[in-house]
Amino acid sequence: MTNKLIQLLTRAGLDWFILSIIGMIVLASQFPAPGIAKGPFTISWLANLGVSFIFFFYGLKLNRSKLVMGLSNWRLHILVQAATFILFPLLVLIVRPWFNQADTQALWLGTFFLAALPSTVSSSVVMVSIANGNIPGAIFNASISSLMGIFITPAWMALVTGGGHHSIDMQDVLVKLLMQILAPVLLGLLLNPTKLGQLAGRYGKQLKYFDQLVILAIVYTAFSDSFDKHMFSNLDAPELLWLGACVLALFFVVYAITGGIARLLRFNRADRITATFCGSKKSLVHGTVMAKVIFMNSPLTGILLLPVMLYHALQLIVVSAIAQRMARQQPHDEHAGM
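Please read these numbers as outputs of a predicted model, since none were measured by experiment. Along each chain, the written sequence defines residue order, and numbers are assigned to residues from 1. Whole-chain, interface and lining totals are the exception, using all residues; otherwise, since this is a predicted model, local features are given only for residues with pLDDT of at least 70 and side-chain atom pairs are given and counted only at 80 or more. Values shown for side chains rest on all heavy atoms present in the structure; no hydrogens or waters enter the calculation.

As for the overall build of the protein chain
To keep it simple, the criterion reads: Here a strand is any run of E in DSSP of at least two residues, a helix any run of H or I of at least four, and the numbering for each starts at the N terminus. Remark: exposure states derive from per-residue accessible area (1.4 Å probe, protein chains only) relative to the maximum for the residue type, with buried under 20%, exposed over 50%, and partly exposed in between. Using the Shrake-Rupley algorithm and a 1.4 Å probe, accessible areas are obtained, with residue cover drawn only from the displayed protein chains.
Helix and strand counts for the protein chain come out as 16 helices and zero strands. Counting the 338 residues in the protein chain, one finds 51% classified as buried. Carbon and sulfur atoms make up 69% of the accessible area of the protein chain, which totals about 16,100 Å².

Describing helix α2 (residues 16–30)
Since there are 3.6 residues in each turn of an α-helix, residues three or four apart along the chain are aligned in direction. Spelled out, the test is: How far a helix is expected to stretch is found by multiplying one less than its residue total by 1.5 Å. Directions are taken from the helix axis to each C-beta atom, and the arc is the one they span. In this analysis, two residues are considered to be in contact whenever any of their non-hydrogen atoms come within 4.5 Å of each other.
Between its first and last C-alpha, α2 extends 21 Å over 15 residues, near the 21 Å set by a 1.5 Å rise per residue. All buried positions along α2 are accounted for by Phe 17, Ile 18, Ser 20, Ile 21, Ile 25 and Ala 28. The arc that holds every buried residue of α2, seen down its axis, measures 160°, which confines them to one face. Along its buried surface, α2 packs onto α12 (204–228), α15 (284–294) and α16 (301–327).

Notes on the confidence of the model for the protein chain
Caution applies to low-pLDDT parts of the model: their predicted coordinates are not meant to be read in detail. Formally: Scored between 0 and 100, pLDDT is the confidence that the predictor attaches to each residue.
When pLDDT is averaged along the protein chain, the result is 82, and 86% of the positions lie at 70 or above. Confidence, expressed as mean pLDDT per element, reaches its minimum in the protein chain at helix α1 (residues 2–11) with 58 and its maximum at helix α6 (residues 74–94) with 95. Here residues 332–338 is a poorly scored stretch, pLDDT under 50, and it has 20 contacts once near neighbours within four places are set aside; other chains count.

So, the environment of Phe 31
Along the chain, Phe 31 turns up in the loop between α2 and α3 (33–36). Note on Phe 31: relative accessible area 53%, which makes it exposed. Sequence separation between Phe 31 and Phe 227 is 196 residues, and the spatial gap between their C-alpha atoms is 9.3 Å. For Phe 31, the contacting residues outside a window of four places in its chain are Tyr 220 and Ser 224.

Regarding the environment of Ala 262
When you line up the elements, Ala 262 lands in helix α13 (residues 237–264). Relative accessible area serves as the criterion here: at 0%, Ala 262 is assigned to the buried category. Here the alpha-carbon distance between Ala 262 and Arg 75, two residues 187 residues apart in the chain, equals 9.3 Å. The residues contacting Ala 262, other than those within four sequence positions of it, are Leu 79, Phe 267 and Arg 272.

Quick notes on the packing of α12 against α15
Under the convention used in this document: The axes are straight lines fitted to the C-alpha atoms, using for helices just the contacting stretch, and the angles between their N-to-C directions are given from 0 to 180°. Note on angle classes: values under 35 degrees are labelled roughly parallel, values over 145 roughly antiparallel, values of 65 to 115 roughly perpendicular, and the remainder oblique. Two helices cross in a left-handed way if the nearer one is turned anticlockwise from the farther one by less than a right angle. They cross in a right-handed way if the turn is clockwise. Gly falls in the polar group here, along with every residue not listed as nonpolar (Ala, Val, Leu, Ile, Met, Phe, Trp, Tyr, Cys, Pro) or charged (Asp, Glu, Lys, Arg).
Close contact between α12 and α15 brings their axes to 10 Å; oriented N to C, the two are set at 45°. With respect to α15, the axis of α12 lies oblique. The interaxial crossing formed by α12 with α15 has left-handed handedness. Between α12 and α15, the residues in contact are Ile 215, Ile 218, Val 219 and Thr 221 and Leu 284, Val 285, Thr 288, Val 289 and Lys 292, respectively. Counted by class, the contact of α12 with α15 contains six nonpolar, two polar and one charged residues.

What follows is the structure, given as structure tokens:
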């Protein structure tokens, strides 16, 4: 009975990681004290250290020769990056006038933060593979998106918060990004040709578990601070449902627009799959770790992460269903499913 339940949840996209995130939020609501403790060897300190290791391992797994080989399909790359870093933010900016109330501004800012994030690497490649898409193109675009996001995401956030209540000190953010994210990525990239790079590729599954554990620690500390300062006192179930509906609508709009442009550009089926999957996905890893850097451990971080976590869960469920449907279609059918 237990195995059947696990299989059912997995098919629905609700794996142990998403359920663990929900568990961390519940734990933070009941026992926030460990999450807000300061000093060395606290959960928050370990999470900060874990962020640097996540990006070091990410750089260690990046194969430079494969990235160079993927440069030729420039139309696909431009479409994916434009959807990720331009289309998403512009769509959320359009609806900003409808979020003027004080209790909805933080949710809008969190949704814009989601829109400014890079695409995710692992799930994009997996879903593209299932749907018989362009796998090298997916690897290239997801990897480049992650690197570009280190600079583009904080730049977008500084632009929309400039002078406002949630304004971001870009100088401090850049220093933290350089020390905590960019330097580890570059160090890992330099060490990729060595045996360390081979080990990172061999133990990619174990490193993924490490990433997930760090994310759970960040989620717990962020929500502990938010619950401790009663940031969710004005947020109720209908608002959460409305937020979920909004981020789901955002996904489908981006997916449809990206697919439509890919058709106009006469992409083949494999490239259309890669464009729509990579262009419509967002990275929970980057969202959690960059929130910790960009928002400087603000008590609002828990609320700002809500749209990211909702989008992550919903995109897995929806894209899994789409990918499996495409996998059943004939690869040569140029008009199927897109």
